[in-house]
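# Structural characterization, general
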Amino acid sequence: MLSPHAPPCPDFTIVPTSGGLGADIYGIDVTKPLSQVKFKNLKRALLDYQVLFIRDQSLEPDTFLKFGKRWGGIHFYPYMKGLEGYPEIFEVIKNPGEDRTFGNRWHSDQMYSEKPCKFTILYARELPRIGGDTLFTNLYAAYEALSPGMKKLAGRLRTYNNGDNTKRYGGKSRDNWYAEKGMGGKLHRPKARTDVVGIHPLIRTHPDTRRKALYIGDQTERFDGMSETESQPLYDFFMKHVSKDTFTCRLKWQPGTLAIWDNRCVSHYAISDYPKERRVMHRITIKDAVKPY
Ligand code: SIN
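All values reported here derive from a predicted model rather than from experimental measurement.

Further remarks concern the sheet that holds strand 12 (residues 248-251). The sheet built from 3 strands is open, its strands ordered 12-6-14 with antiparallel pairing. A single partner strand is all that each edge strand has here, and the edge strands are strand 12 and strand 14 (266-270). This sheet shows a mean twist of 20° between the axes of neighbouring strands, independent of strand direction. Pairing of strand 6 (residues 134-138) with strand 12 involves 4 bridges; the strand directions are antiparallel. Residue pairing across strands places Phe136 opposite Cys249, the latter belonging to strand 12.

Here it is in structure tokens:
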């Protein structure tokens, strides 16, 4: 399923993770300045493998941010404040006893934006002793596995994606729900929050690879022009389809692991299996210049 064009790379070692997608990268220290060529090869590897895992990095917010900015401008997460002094870095944190696990559903990041972020860079700072893995799935493979008839139908659909979709939070607004879960202090409430609804083609074309991907996630409320009831059966079909095990890989984090994924062709899911432990990740999302098409 990986791109047949993935070349061997002279700058670092690439070890594919699964037949679905993903690769471990060895021999790179992102705190050191990466030459233009090395960075270009890293970007090439991301296009080929869709999600990269760079192990054993030692990053503080300033070095993390410096590396992040090489990938493009920051796409600010519209719901929560970033780190003190580093508003570009969003802390994904779960403390013992909390029942909410951020990202515990299949999704591509900030899909509800008009121009969703293209890359996410996530860095593991504190991990549970067991668990807290993240699953990734290949949305190209999901598209390619559809029958010709379903591809045709899917090609005519647009998704209505809503960051304030109350279905996801037990009928509550996201703000109320976050506040109830003890995250109120970090809530970010811009006066006019405008960028939380995005209508996108269900089948999108990746601007760099020109491959088609089945772009759907838990932020999808319904199909554009259809009611939620009408949309539900098809939505359930596509969501089950994208999470088929042969399209996926699983990341077992270690402290210092840095993951970079391409939201234009990848969906991910944070596993919630460490109720009594703490997990702390630092996240940067990179904005895209174009709307999905
Ligand atoms: C996310 O959904 O961006 C976070 C994933 C994770 O914490 O593993």
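This is not the end of the story, as more comes after the structure.
We now examine the layout of surface pockets. Of the pockets and cavities examined, the second largest pocket occupies roughly 240 Å³. When the residues that make up the lining of the second largest pocket are grouped by side-chain class, the tally is 5 nonpolar, 7 polar and 8 charged.

Mapping Val196 onto the fold places it in the loop between helix 5 (174-183) and strand 8 (197-201). You can call Val196 buried: its relative accessible area is 6%. For the pair formed by Val196 and Gln219, sequence separation is 23 residues and the distance between their alpha carbons is 9.9 Å. Every residue in contact with Val196, bar those within four places of it in the chain, is listed here: Pro78, Tyr79, Tyr112, Asn161, Asn162, Gly163 and Asp164.

We now examine the site of the ligand. Close contacts around the ligand come from Val92, Phe102, Gly103, His107, Asp109, Leu122, Thr134, Trp261, His268, Ala270, Arg279 and Arg283, and that covers them all. Taking Arg279, its side chain carries an N or O atom lying 2.8 Å from an oxygen atom of the ligand. For the shell around the ligand, the elements supplying multiple residues, two or more each, are strand 14 and strand 15 (279-286). When grouped by side-chain class, the residues that make up the shell around the ligand number 5 nonpolar, 4 polar and 3 charged.

A separate point is the packing of aromatic side chains. In this structure the tally under the stated criterion is 14 aromatic pairs. Their ring planes at 75° and their centres at 6.0 Å tell us that Phe67 and Trp71 sit as a pair that is edge-to-face. Given a relative accessible area of 3%, Phe67 falls into the buried group. Residue classification places Trp71 among the buried residues on the basis of a relative accessible area of 3%. Lying across the ring of Phe39, Arg70 places its NZ or CZ 4.5 Å from the centre.

The side chains of a regular strand alternate between the sheet's two faces. Burial of strand 15 is extensive: 8 of the 8 residues sit out of reach of the surface. Two elements, strand 4 (residues 90-94) and strand 15, share 5 bridges in a ladder whose sense is antiparallel. Pairing of Glu91 across the sheet is with His282, part of strand 15. Sheet topology places strand 5 (residues 119-126) next to strand 15; 7 bridges connect them, and they run antiparallel. Paired with Thr120 across the strands is Thr285, a residue of strand 15.

Averaged over the protein, the pLDDT score is 92; the fraction of residues at 70 or greater is 93%. Below a pLDDT of 50 lies the segment residues 1-5, which in the model reaches 16 contacts outside its immediate sequence neighbourhood of four places, other chains included.

Turning our eyes to something else, we now look at the pattern of salt bridges. Under the definition given, this model contains 14 salt bridges. Close ionic contact of Arg44 with Asp48 constitutes a salt bridge, the shortest N to O distance being 2.9 Å. Here Arg44 pairs with Asp48, and both are found in helix 1 (residues 36-49), just 4 residues apart, close to one helical turn. Assessed through its relative accessible area of 37%, Arg44 is described here as partly exposed. With a relative accessible area of 2%, Asp48 lands in the buried category.

A separate point is the sheet that holds strand 11 (residues 220-223). Reading across from one edge, 8-7-11 is the order of the 3 strands in this open sheet, with antiparallel pairing throughout. Across the chains shown, the open sheet's two edge strands, defined by having one partner strand only, are strand 8 and strand 11. Each adjacent strand pair in this sheet contributes to an overall mean axis angle of 25°, direction not counted. The sheet contact formed by strand 7 (residues 158-162) and strand 8 spans 5 bridges and is antiparallel. Within the sheet, the bridge partner assigned to Asn161 lies in strand 8 and is Gly198.

Moving on, we get to helix 1. Taking 1.5 Å of rise per residue, 14 residues should cover 20 Å, and helix 1 covers 20 Å from first to last C-alpha, within 8% of that figure. Among the residues making up helix 1, those that are buried are Phe39, Leu42, Ala45, Leu46, Leu47, Asp48 and Tyr49. Contacts made by the buried residues of helix 1 are with strand 1 (13-16), strand 2 (23-26), strand 3 (51-54), helix 2 (61-69), strand 5 and strand 13 (258-262). Once helix 1 ends, the next one or two residues include Gln50, with phi positive near 75°.

Rules behind the numbers
- Residues numbered from 1 in each chain as written.
- Predicted model: local features only at pLDDT ≥ 70, side-chain atom pairs only at ≥ 80, totals over all residues.
- Heavy atoms only, no water.
- Pairing = 2+ DSSP bridges.
- Helix = DSSP H or I, 4+ residues; strand = E, 2+ residues; numbered from the N terminus.
- Axes fitted to C-alpha atoms, helices over the stretch in contact; angles between N-to-C directions.
- 1 Å grid on protein atoms, 1.4 Å probe; cavity = no way out; pocket = protein on both sides within 12 Å on 5 of 7 lines; lining within 4 Å.
- Points joined across faces, edges and corners; volume = space filled by probe spheres on them.
- Nonpolar A, V, L, I, M, F, W, Y, C, P; charged D, E, K, R; others polar.
- Buried < 20%, exposed > 50% of the residue type's maximum accessible area, 1.4 Å probe, protein only.
- Contact = heavy atoms within 4.5 Å.
- Near = heavy atom within 4 Å.
- Polar contact = N/O pair within 3.5 Å; in protein donor to acceptor, adjacent residues only side chain to side chain.
- Phe/Tyr/Trp six-rings, centres within 6.5 Å; stacked < 30°, edge-to-face > 60°.
- Lys NZ or Arg CZ within 6 Å of the ring centre and 35° of its normal.
- pLDDT = per-residue confidence, 0-100.
- Salt bridge = Lys/Arg side-chain N within 4 Å of Asp/Glu carboxyl O.
- Expected span 1.5 Å × (residues − 1).

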